[in-house]
Structures are given as C-alpha cells and as structure tokens.
Amino acid sequence: MATATLLDYLKQLENQGVTHVEIDDHARSVLRELYTRGSARRTAKTTPKSPQQPSQPDAIIARGHTAAEKIASLAAIAETWQPARALGSLRDTMVFSTGNPEADFMLVGEAPGFQEEQKGEPFVGPAGEKLNQILKAMGLARDKVYISNVCKFRPATRNQTTNNRKPSPEEMATSLPFVKAEIDVVKPRVIVALGGSAAQGLLGLEKPVGQLRECWHQFQGIPLRVTYHPSYLLRQEDGLGEKRKVWEDMLAIMEKLGLPVSEKQRGFFKK
Ligand code: URA
C-alpha cells in the first residue's frame, strides 16, 4: 500500500472510532520511517531561539501551600520575566493581581495603566472605580473577587507620562502562562474578560466585544463571559444602552454563580 493511502486509511478508521489496528510488517516499516522523519522535523523546529526572544514555558508552576502563597510565588517569578522584558516594548514594573485568591469570580482586564503602575495594583484608577461600582451593584466587593490582567506590565509609549496604550497580542502572550497558572490556583467558577484585549489575549479571538458577549465561552474548562471594559463605559457616560449591556452580562454571571438577584437588580438600567 502506498504511504498516502495507508495514512488515509488509518485516518478513516480513526474517524470511525477505531483505536487499534493490526498491521503487517511492511506497513509497520512504512509507519516507522514516517515517524522517524516526523520527529527529525519536530526537533529542527524547536532549535534555540535568539537571545532577544527567550523561549517561554507554556506552564508555570506555583509554589506554596495556600492559594495566597501560590499567587505570591507566581508574582515573584513575573517580577523579572525575561520573555516580557525581551520584547522591549513593556515597562519594567510588574503589576500582578488583587483580591481573594480563592474567589469564585475572576475578572481579567487588559494591562496596568499609569495609576496601577504607581500603586502596584490592578484597576485602581478611574476604570477601577467604575469596576468597583459594578461589583457593588452585584453585591460583591473587590476583596471578595480575584482581579487580574492579561498583561502584567504597562505597555510603553514614547515620551510616556500618564498616557496608556493597549497591549499587543505578543505582549499579552508573554503574560498568558501566568494567567493560566493563576486560574489553576484560584479555580474560579466564572471568569469575565473585560474588553476586547482581554478576550483576544485569552481566547485568541480578534472580534469586537459586541460579537463576543451574550454567550458563554470556555477557558481552561471554566465558563467565561466577555463584556465591555469599564473604561469604555467611562467614555460613554450618557450611554445607558452600553451600561445595560454590561449589566446584562453581570446578571448572567450572577446567575451562573448562584448569587441571589433581586427584582431591583434585575431592573437596573431598564427604561
Ligand atoms: N485597565 C485594565 O485593563 N487593567 C487595569 O489594571 C487598569 C485599567
């Protein structure tokens, strides 16, 4: 049997759910040859990267006994994270997370801004105030949830003062192993991606928030909702419609978390 035909035949069997086949000596030698060639190619692909781009592990192991110790151990590794430094486009100060490392609800924003970098805590500027208001309306407080960012460093700009910019996909990718490790430690029951950057960084989907919200996604097997970033709401102060949309996303999250929803809460922002 020719190699392509043999592979097609095996794929077809696999699609039909067959997990084991008996093969003769000839087929065995063809497959062995293919495997050897494939592994040579795989080895060639993983040859060392240039010193400018240190290779990055997919998984970072948290150390410690309690969830708080484990999060602190991750933050300590992030402090001097070479893959982020090597990009040369992120500032050096690392801002990790805040809140309860055993929370049911995890919120993921985009990246620290000026105020966050000053204080070393995510969401402490105007967007943070808006986020606190949203949490309060849900009957939650900052210290009851876990708040993090998809990028742990403030993206740099030329002659930067208080101005901020969105992180690029490459910049977010250097922090992604930390976000994954945080999720493994916190084990939230629900995650919300705040804004398009967080959604893109986590889900790899480059779509407007309007197309990603109103449904459940999954990240590491955990239900994830996408909603607008609080700073988007700040730019739409009169936009009752946008506030209502965020609130609808939060109501869906409250229901998923089994939190009580009062009639008053259900009616917020309804005309
Ligand atoms: N915006 C974010 O996405 N994260 C912060 O920490 C602050 C503002």
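Rules used throughout
- Residues numbered from 1 in each chain as written.
- Predicted model: local features only at pLDDT ≥ 70, side-chain atom pairs only at ≥ 80, totals over all residues.
- Heavy atoms only, no water.
- Helix = DSSP H or I, 4+ residues; strand = E, 2+ residues; numbered from the N terminus.
- Polar contact = N/O pair within 3.5 Å; in protein donor to acceptor, adjacent residues only side chain to side chain.
- Contact = heavy atoms within 4.5 Å.
- Near = heavy atom within 4 Å.
- Areas by Shrake-Rupley, 256 points an atom, 1.4 Å probe, with all protein chains shown as cover.
- 1 Å grid on protein atoms, 1.4 Å probe; cavity = no way out; pocket = protein on both sides within 12 Å on 5 of 7 lines; lining within 4 Å.
- Sits in = over half its atoms within 2 Å of the grid points.
- Nonpolar A, V, L, I, M, F, W, Y, C, P; charged D, E, K, R; others polar.
- Phe/Tyr/Trp six-rings, centres within 6.5 Å; stacked < 30°, edge-to-face > 60°.
- Buried < 20%, exposed > 50% of the residue type's maximum accessible area, 1.4 Å probe, protein only.
- Lys NZ or Arg CZ within 6 Å of the ring centre and 35° of its normal.

### Quick look at the side chain of Glu242
Inference 1: Inspection of the secondary structure assignment puts Glu242 in helix α11 (residues 240-257).
Inference 2: A polar side-chain atom of Glu242 sits 3.3 Å from a polar atom in the side chain of Tyr232.
Inference 3: With near-sequence residues (within four places) excluded, Glu242 lies in contact with Tyr228, Tyr232, Leu233 and Gln236.

### Looking at the site of the ligand
Inference 1: Looking at the ligand, the residues that line it are Gly109, Glu110, Ala111, Pro112, Glu116, Pro122, Phe123, Asn149 and His229.
Inference 2: Contacts to the ligand include Ala111, whose backbone N or O atom sits 3.1 Å from a nitrogen atom.
Inference 3: Between the ligand and the protein, one listed contact pairs a nitrogen atom with a side-chain N or O atom of Asn149 at 2.8 Å.
Inference 4: Bound to the protein, the ligand loses 92% of the 240 Å² it would expose on its own.
Inference 5: Comparing atom positions with the cavity grids shows the ligand to sit within the largest pocket.
Inference 6: Each residue belonging to the shell around the ligand can be placed in one class, and the counts come to four nonpolar, three polar and two charged.

### A look at the packing of aromatic side chains
Inference 1: What the rule picks out here adds up to five aromatic pairs.
Inference 2: Ring centres 4.8 Å apart and planes at 80° place the aromatic pair Trp81 and Phe178 in the edge-to-face group. Of this pair, Trp81 sits in the loop between α3 (67-79) and α4 (82-87) while Phe178 is found in helix α7 (residues 169-186), placing the two residues 97 residues apart along the sequence.
Inference 3: Residue Trp81 is classed as buried on the basis of its relative accessible area, which comes to 10%.
Inference 4: By relative accessible area, Phe178 is classed as buried at 1%.
Inference 5: Aromatic side chains Tyr228 and Tyr232 sit 4.8 Å apart centroid to centroid with 20° between the ring planes, which places their arrangement in the stacked category.
Inference 6: Judged by relative accessible area, Tyr228 falls into the buried class, the value being 11%.
Inference 7: Directly above the ring of Phe96 sits Lys152, whose terminal nitrogen or CZ lies 4.6 Å from the centroid.
Inference 8: One cation-aromatic arrangement involves Lys256 over Trp216; the distance from NZ or CZ to the ring centre is 4.7 Å.

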